[in-house]
Amino acid sequence: MPHEPPLCPGVAWVRELSVAGTPGQARAAIDARHAAGATGVVLAPAGPDALASLDSLARALAQLL
């Protein structure tokens, strides 16, 4: 049986589904999803330092509100 590589989403797919960048870029990404019909967006911090990632997300959200 031949060895198959693990499934890995393409970079374009990840960029299309993720919200990342500056607070302004995040706001634009969220607005684009709502314009496309999304009724909600789930935001989850990611990175090697969970507390730093959560802090970064909280600061970005504070700028968006």
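The structure displayed is predicted, hence computed values, not measured ones. (Residues numbered from 1 in each chain as written. Predicted model: local features only at pLDDT ≥ 70, side-chain atom pairs only at ≥ 80, totals over all residues. Heavy atoms only, no water.)

A. Representation of the side chain of Ser53 within the structure. With respect to the secondary-structure elements, Ser53 resides in helix H3 (residues 50-64). With relative accessibility at 13%, the residue Ser53 sits in the buried group. (Helix = DSSP H or I, 4+ residues; strand = E, 2+ residues; numbered from the N terminus. Buried < 20%, exposed > 50% of the residue type's maximum accessible area, 1.4 Å probe, protein only.)

B. Molecular detail of the environment of Leu57. Tracing the backbone shows Leu57 in helix H3. Taking the C-alpha atoms as reference points, Leu57 and Leu43, separated by 14 residues in sequence, lie 8.3 Å from one another. The residues touching Leu57, leaving out its near neighbours within four places in the chain, are Leu43, Ala44 and Pro45. (Contact = heavy atoms within 4.5 Å.)

C. Quick peek at a nonpolar patch on the surface. Taken together, the side chains of Trp13, Val14 and Leu17 make up a nonpolar region of the molecular surface, amounting to roughly 310 Å² of accessible area. By the element assignment, Trp13 lies in helix H1 (residues 11-17). (Patch = residues over 30% accessible without salt bridge, like charges linked within 9 Å, V, L, I, M, F, W, Y side chains within 5 Å. Areas by Shrake-Rupley, 256 points an atom, 1.4 Å probe, with all protein chains shown as cover. Salt bridge = Lys/Arg side-chain N within 4 Å of Asp/Glu carboxyl O.)

D. Broad picture of the confidence of the model for the chain. Averaged over the chain, the pLDDT score is 82; the fraction of residues at 70 or greater is 88%. Between the elements of the chain, mean pLDDT differs from a low of 81, seen in H1, to a high of 87, seen in helix H2 (residues 23-35). (pLDDT = per-residue confidence, 0-100.)

E. Focus on H2. In a regular helix each residue adds 1.5 Å, so 13 residues correspond to 18 Å; H2 covers 18 Å between its end C-alpha atoms and thus fits that length. By the burial criterion, the buried members of H2 are Ala26, Ala29, Ile30 and Arg33. Mapping the buried residues of H2 onto a view down its axis gives an arc of 95 degrees, with all of them on the same face. A positive phi of about 115 degrees marks Gly37, the residue just after H2. (Expected span 1.5 Å × (residues − 1). Arc of directions from axis to C-beta.)

F. How the structure looks around the side chain of Arg33. Note that Arg33 resides in helix H2. Apart from residues no more than four positions distant in its own chain, Arg33 is found in contact with Arg15, Glu16, Leu17, Ser18, Val19, Ala38 and Val41.

G. Spatial organisation of the pattern of salt bridges. Within this structure, the stated rule accounts for two salt bridges. The partner of Asp31 in a salt bridge is Arg27, with the nearest N and O atoms 3.1 Å apart. Highlighted residues: Asp31 and Arg27, both in helix H2, separated by four residues, approximately one helical turn. Its salt-bridge partner being Asp55, residue Arg59 comes within 3.0 Å of it at the nearest N-O pair. Of the two residues, Arg59 and Asp55 both sit in helix H3, four residues apart, roughly one turn of that helix. Take Asp55: its relative accessible area is 41%, and that puts it in the partly exposed class.

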